[in-house]
Amino acid sequence: MSRGAVRLVGAGPGNPGLLTIRAKELLGRCQVLVFDSLVHPAVLAMVSPDCELIHVGKKSGGLAVHQDSIQKILVEKSKDGKEVVRLKGGDPYIFGRGGEEALFLKENGITFEVVPGVTAASGAAAYSGTPLTQRKSNSTMVFVTGHEDPDKEASMVDWNQLPKENSVLCIYMGVANLEPIVSKLIGAGFDPTTPVVCVEWATLGRQRVCRSRLNTVVEDAEEFWLNSPAVMMVGENAKMGEEISWFEDKSLQGLRFVVTRSRGQASELSEMLEKRGAEVLGLPLISISKNVDEETMADVFAEIASYDWIVFSSPNGVRYFFEAFFETFDDIRSLGFLRIAAVGEATAKEIRKYYVTTDLIPKEANAESLAKGLVETGSLDSSKVLLVTGNLGKDLLRSKLEEARAIVDRFEVYKTEPTDLSDDPAAKEFRSRGADAIIFTSSSGVRSFVDQAKDLVIESKANRPKTVSIGPITSSTMSKLGMPTDFQAEASLDSLVNVVEQHFGKGSK
Ligand code: SAH
């Protein structure tokens, strides 16, 4: 019987960019993923569509799967010959029960590997400006669990023996026991004015930082509504963030945006927003896949050198066209001497990836301007034009070009379909936590959102997320479908991010 293996993988503190390369590699190829509650939806999106997802963390309001059952799942799935990833927040061997799981696997003769991750304290330290060591003043750090009740007799943490000076104490799982922990530390002889910093949701756009001192932190944390997950760091270095914090200063830090994306495609927009400190929930509202009719393709490619223009109306069109093209030809010169038009900058950028320049980009990124630009070249009469589109491509462009007496062939290379969001982790987050704004980048995204709106809509009217549209075409679809557009950009990602920063960013209100 074939046997799989289990990988105990650290997912880091939450920010998907802090995954290790090994973790990403294993996620991409595992057949079963067993994961806890704190894992980011973007990390879950890294697995292949046919991977079995098993959530063993606490479900909202419910209970976590018992540790024994988790271990049994790992053994059973690997005995079925499956490649299993057991994904844990932070590092598997730091307050993660990774040690117990490894022992159990060993006892059952299962092959395993352990992939370390950035632990929460390390993430919180970096993202709040709190060096855990400092050459001249600080040479010890302690990771301690605050989950044990410090008053219970059998406590394994000796609160009296912790280093009181020249050290940073990192307390995990301490939010619920803050008061007893603080009184134990002061009772043990810690200076009551020792600086303390609590970092909630460290490394994520939703990170919040509460800076305080040992004798005031209980009150301050209450006023701050400090919640789990948070790491509390105690020591002189805990005040260094006043000088060297950097993450909190980002323009969109603390804000949450929903972006619509297509399944399986990384979103450039998400990256741009995350870079500015935002938390991004990517809803895979549409799925885009290659869809080329073999006969049409054969006809088009047989005549490819006879076209005068190729017109691309979207970056996806470019991608799937060239994929098909290079399956047939192995030399770009087989395109012949034709000219190339793109509906906008993003499409031209995609064309540039093939070392091909675009001859015409209209001022405004829409079909009307594109048609106008082409007509104005005066080259259309009796010319042959190849229109590369998806299944939703409108015929407006075609009819305008035909009016100018061009001979137009339509070449459909991809199709756009709505997806089902009922089980999507990002959609779940959105349903339970809402968002500051929903950002629409295409009409098909708007349509799919509206179709699923009943399932997604947040009840409270007062908290209705604002809506941002990438440009006039998307806005007009929104208005046709009865959705208000609060802010509109000028049909490019750069302008979209500017609009978001202007209306939501620091200093905007
Ligand atoms: N194995 C994990 C720790 C799991 S215990 C690791 O190495 O990080 C769970 C505790 O980790 C939480 O109670 C909290 O104290 C801390 N934690 C996890 N993610 C965190 C985050 N993003 N921000 C702050 N604390 C976090």
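Definitions and limits used
- Each chain carries its own residue numbering, running from 1 in the written order of its sequence.
- It should be noted that, the model being predicted, local features are given only for residues of pLDDT at least 70 and side-chain atom pairs only at 80 or more, the latter also being counted only at that level, while totals for whole chains, interfaces and linings use all residues.
- With hydrogens and water excluded, all non-hydrogen atoms of the structure serve as input to the side-chain values.
- DSSP-based pairing: two strands are paired if at least 2 bridges between them are found.
- Helix and strand definitions follow DSSP, with helices as H or I runs of at least four residues and strands as E runs of at least two, each counted in order from the N terminus.
- Each axis is a line fitted through C-alpha atoms, taken for helices only over the stretch in contact, and angles between the N-to-C directions span 0 to 180 degrees.
- Basic side-chain nitrogens of Lys or Arg form a salt bridge, by our definition, when they fall within 4 Å of a carboxyl oxygen of Asp or Glu.
- Partly exposed describes any residue whose relative accessible area lies between the buried limit of under 20% and the exposed limit of over 50%, with all areas from a 1.4 Å probe on protein chains only and scaled to the type maximum.
- Here a residue is near a molecule or strand as soon as one of its heavy atoms is found within 4 Å of it.
- Contacts described as polar in this section are N or O atom pairs within 3.5 Å, which, within protein, must combine one atom able to donate a hydrogen with one able to accept it, while residues neighboring in sequence count only if both atoms come from side chains.
- Residues are grouped as follows: Ala, Val, Leu, Ile, Met, Phe, Trp, Tyr, Cys and Pro are nonpolar; Asp, Glu, Lys and Arg are charged; every other residue, Gly included, is polar.
- For the purposes of this description, domain bounds are those given by an automatic or database domain assignment.
- Throughout, a contact is declared for two residues whenever any of their heavy atoms are within 4.5 Å.
- Here, the term nonpolar core denotes a set of buried Ala, Val, Leu, Ile, Met, Phe, Trp, Tyr and Cys residues that are joined through side-chain atoms within 4.5 Å.
- Roughly parallel refers to an angle under 35 degrees, roughly antiparallel to one over 145, roughly perpendicular to one between 65 and 115, and oblique to any angle outside these ranges.
- With the far helix as reference, a near helix turned anticlockwise by less than a right angle produces a left-handed crossing, and one turned clockwise produces a right-handed crossing.
- Patch membership requires over 30% relative accessible area and the absence of a salt bridge. Like charges are linked within 9 Å, and nonpolar side chains (Val, Leu, Ile, Met, Phe, Trp, Tyr) within 5 Å.
- Note on areas: Shrake-Rupley, 1.4 Å probe, and residue coverage restricted to the protein chains presented here.
- Only four residue types enter the charge count: Lys and Arg as positive, Asp and Glu as negative, with His and the chain ends excluded.
- Think of each charge as sitting on NZ of Lys, CZ of Arg, CG of Asp or CD of Glu.

Glancing now at the sheet that holds strand β7 (residues 167-172). Across the sheet, five strands lie side by side as β6-β7-β10-β8-β9; this open sheet has mixed pairing. Two strands bound the open sheet, and with one partner strand each, they are β6 (140-145) and β9 (208-213). When strand polarity is set aside, the average angle formed by the axes of neighbouring strands in this sheet is 20°. Direction of pairing for strand β8 (residues 195-200) relative to β9: antiparallel, over a ladder of six bridges.

The subject of this paragraph is the pattern of salt bridges. Two side chains of opposite charge can pair, provided their charged atoms sit close to one another. Inspection of every chain in the model, using the stated rule, returns 30 salt bridges. Notably, a salt bridge pairs Glu 101 with Lys 88, separated by 3.2 Å at the nearest N-O pair. One end of the pair, Glu 101, is in helix α4 (residues 98-107); the other, Lys 88, is in strand β4 (residues 83-88), and 13 residues separate them in sequence. Just as Glu 101 is buried, Lys 88 falls in that class too. Taking the shortest distance from any N to any O, the salt bridge between Glu 279 and Arg 433 comes out at 3.0 Å. With Glu 279 in strand β12 (residues 279-290) and Arg 433 in helix α15 (residues 425-433), the pair connects residues that are 154 residues apart, well separated along the chain. Here the salt bridges share partners, and the residues they tie into one network are Arg 7, Arg 22, Glu 25, Glu 83 and Glu 113.

Next up on the list: the site of the ligand. If you check the shell around the ligand, you find 16 residues, and the closest are Ile 94, Thr 119, Ala 120, Ala 202 and Ala 230. Thr 119 is positioned such that a nitrogen or oxygen atom in its side chain is 2.6 Å from an oxygen atom of the ligand. Contact distances for the ligand include 2.8 Å between an oxygen atom and a backbone N or O atom of Ala 120. Among the residues making up the shell around the ligand, the classes are represented as 12 nonpolar, three polar and one charged. A domain split of the shell around the ligand shows at least three residues from each of domain 1 (5-118) and domain 2 (121-249).

Next up on the list: the sheet that holds strand β2 (residues 32-35). Here we have five strands laid out as an open sheet, ordered β3-β2-β4-β1-β5, and parallel in their pairing. Whereas interior strands pair on both sides, the edge strands pair on one side only; in this sheet they are β3 (52-55) and β5 (111-115). Averaged over all neighbouring strand pairs, the angle between strand axes comes to 15°, with direction disregarded. Note: β2 against β4, four bridges, orientation parallel. Counted as the bridge partner of Val 34 is Arg 86 from β4. Sitting on the sheet, helix α1 (residues 21-29) is in contact with β1 (5-10), β2, β4 and β5, with an inclination near 135° to β1. Contacts from helix α3 (residues 67-79) reach β1, β2, β3 and β4 within the one sheet, and its direction differs from that of β4 by about 155°.

This part is about the nonpolar core. Ranked by internal contacts, the top residues of the largest apolar core, which has 29 residues, are Phe 301, Ile 304, Ile 310, Phe 312, Phe 321, Leu 386 and Phe 411. For this core, the secondary structure elements donating two or more residues are β12, α10 (294-302), β13 (309-312), α11 (315-328), β14 (339-342), α12 (345-352), β15 (384-390) and β16 (407-418). Take this core: its biggest share by element is six residues, from α11. When residues no more than four places from it in sequence are discounted, the contact partners of Leu 386 are Val 300, Ile 304, Tyr 307, Trp 309, Ile 310, Val 311, Phe 321, Asp 409 and Phe 411. Residues Val 157, Leu 178, Ala 230 and Val 234 belong to the second largest nonpolar core, which totals 22 residues.

At a minimum axis separation of 8 Å, α11 and α12 run at an interaxial angle of 20°. One way to sum up the angle between α11 and α12 is to call them roughly parallel. The way α11 lies across α12 gives a crossing that is right-handed. Contacts from Pro 315, Val 318 and Arg 319 of α11 reach α12 at Ala 346, Thr 347, Glu 350 and Ile 351. Class assignment of the residues belonging to the contact of α11 with α12 gives a composition of four nonpolar, one polar and two charged.

Another point: the domain arrangement of the chain. Per the domain assignment, the segments of the chain are domain 1 (5-118), domain 2 (121-249), domain 3 (256-286 + 419-504) and domain 4 (289-417). The straight-line distance from the C-alpha centre of domain 2 to that of domain 4 is 59 Å.

Let us now look at a negative patch on the surface. A cluster of acidic side chains, namely Glu 179, Glu 219, Glu 222 and Glu 223, defines a negative patch on the protein surface. No other element matches helix α7 (residues 217-223), which puts three residues into the negative patch. Residue classification places Glu 219 among the exposed residues on the basis of a relative accessible area of 59%.

Moving on, we get to the side chain of Glu 200. With respect to the secondary-structure elements, Glu 200 resides in strand β8. A relative accessible area of 6% places Glu 200 in the buried class. Beyond its immediate stretch of four places on either side in the chain, Glu 200 contacts Arg 206, Gln 207, Arg 208, Trp 225, Leu 226, Asn 227, Pro 229 and Ala 230.

What follows covers the packing of helix α9 (residues 268-275) against helix α19 (residues 493-504). Packing of α9 against α19 brings their axes to within 11 Å, and their N-to-C directions diverge by 40°. Crossing of α9 against α19: the hand is right-handed. For the pair α9 and α19, contact is made by Glu 268, Leu 269, Met 272 and Leu 273 and by Leu 493, Asp 494, Leu 496, Val 497 and Val 500, respectively. Looking at the contact of α9 with α19, its residues break down into seven nonpolar, no polar and two charged.

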